[in-house]
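# Breakdown of the fold
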Amino acid sequence: MGIARCGGALALAGVLAAFLAGCGETPSPTPAIVAPAVSADQLVGKWGLASYHKDEDRARTMKEAAAQCNKPYVINKGPNGGLMMYLADSKELSEVVLKAGPSGQTYLGPPGDAGTADDRIVSNVDPNSFTTIWVDPDNASRYGTMVYERCGKR
């Protein structure tokens, strides 16, 4: 009978120790899922496209982009809900997605983490225009800040 009582006490001590060990751990916070500030549907359409390298050229470039509507850059919905667009130095369309970065910025690029070299930062979004700049400094220096002006305003 002494062995049974000792075994029961040891089992109770083990359960109590496991319980206390679990109480000492703080569960890691669940990462907040943040949605991008713009939806894919807002970007589908025909766009005049132009780019600039100096901020003082933005207003002029917006007018130049609108003038490109005679040969628009077409953004269609992708088969998986993304957008069909060209990546840097690519001759073929790729499906890109909108992603929210940890700092609240919206990125446009291949599926995966936000803010990678193939991504663009999306800014200045309204129903009739948006702006992107490549995350990769080499792409940004070659392509500049890209301004999209909707052809046939909403």
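Report on the accompanying structure. These numbers come from a predicted model, not from an experiment.

## Focus: the overall build of the chain
A count of helices and strands for the chain gives 4 helices and 8 strands. Listing each helix as α and each strand as β along the chain from the N terminus yields α-α-β-α-β-β-β-β-β-β-α-β. Sorting the 154 residues of the chain into buried and exposed places 31% on the buried side. Of the accessible surface of the chain, which amounts to about 9600 Å², a share of 59% is contributed by carbon and sulfur atoms.

## A look at the side chain of Thr61
With respect to the secondary-structure elements, Thr61 resides in helix 3 (residues 58-67). By relative accessible area, Thr61 is classed as buried at 0%. In this structure, Thr61 is in contact with Ala50, Ser51, Tyr52 and Val147, ignoring residues within four places of it in sequence.

## Some remarks on the environment of Gln42
Considering the arrangement of structural elements, one finds Gln42 in helix 2 (residues 40-43). Using a relative accessible area of 32% as the deciding quantity, one classes Gln42 as partly exposed. For the pair Gln42 and Val125, spaced 83 residues apart in sequence, the C-alpha to C-alpha distance is 9.1 Å. Among all residues touching Gln42, those that are not within four sequence positions of it are Ala37, Trp47, Val125, Arg150 and Arg154. Engagement of the side chain of Gln42 in a polar contact is seen with the backbone nitrogen of Ser39, the distance being 2.8 Å.

## Topic: the pairing of strand 6 (residues 120-126)
Sheet topology places strand 5 (residues 106-109) next to strand 6; 3 bridges connect them, and they run antiparallel. Note on strand 6: the bridge partner recorded for Leu108 is Arg120. As judged from the 5 bridges shared by strand 6 and strand 7 (residues 129-134), these two strands associate in the antiparallel manner. Its bridge partner being in strand 7, Asp126 is matched across the sheet by Ser129.

## So, the environment of Arg60
Of note, Arg60 is situated in helix 3. With 10 residues separating them in the primary sequence, Arg60 and Ala50 have C-alpha atoms 9.8 Å apart.

## Brief notes about the sheet that holds strand 8 (residues 145-150)
Read around the closed barrel, the 8 strands follow the order 1-2-3-4-5-6-7-8; overall the barrel is antiparallel. When strand polarity is set aside, the average angle formed by the axes of neighbouring strands in this sheet is 40 degrees. Pairing analysis gives 4 bridges linking strand 3 (residues 83-86) to strand 4 (residues 93-100), with the strands arranged antiparallel. Bridge pairing links Met84 to Glu95 in strand 4. Those strands touched by helix 3 are strand 1 (45-52), strand 6, strand 7 and strand 8, and its axis lies near 145 degrees from that of strand 1.

## Quick word on the state of the cysteines
Applying the stated criterion across every chain yields a total of 1 disulfide. With a sulfur-sulfur separation of 2.0 Å, Cys69 is cross-linked through a disulfide to Cys151. Here the S-S torsion is close to -90 degrees, and the disulfide linking Cys69 with Cys151 is therefore left-handed. Taken together, the positions of Cys69 in the loop between helix 3 and strand 2 (73-77) and Cys151 in the segment after strand 8 put the pair 82 residues apart, joining distant regions of the chain. On the accessibility criterion, Cys69 (24% relative accessible area) is partly exposed.

Cut-off values and rules
Residues numbered from 1 in each chain as written. Predicted model: local features only at pLDDT ≥ 70, side-chain atom pairs only at ≥ 80, totals over all residues. Heavy atoms only, no water. Helix = DSSP H or I, 4+ residues; strand = E, 2+ residues; numbered from the N terminus. Buried < 20%, exposed > 50% of the residue type's maximum accessible area, 1.4 Å probe, protein only. Areas by Shrake-Rupley, 256 points an atom, 1.4 Å probe, with all protein chains shown as cover. Contact = heavy atoms within 4.5 Å. Polar contact = N/O pair within 3.5 Å; in protein donor to acceptor, adjacent residues only side chain to side chain. Pairing = 2+ DSSP bridges. Axes fitted to C-alpha atoms, helices over the stretch in contact; angles between N-to-C directions. Disulfide = S-S within 2.5 Å.

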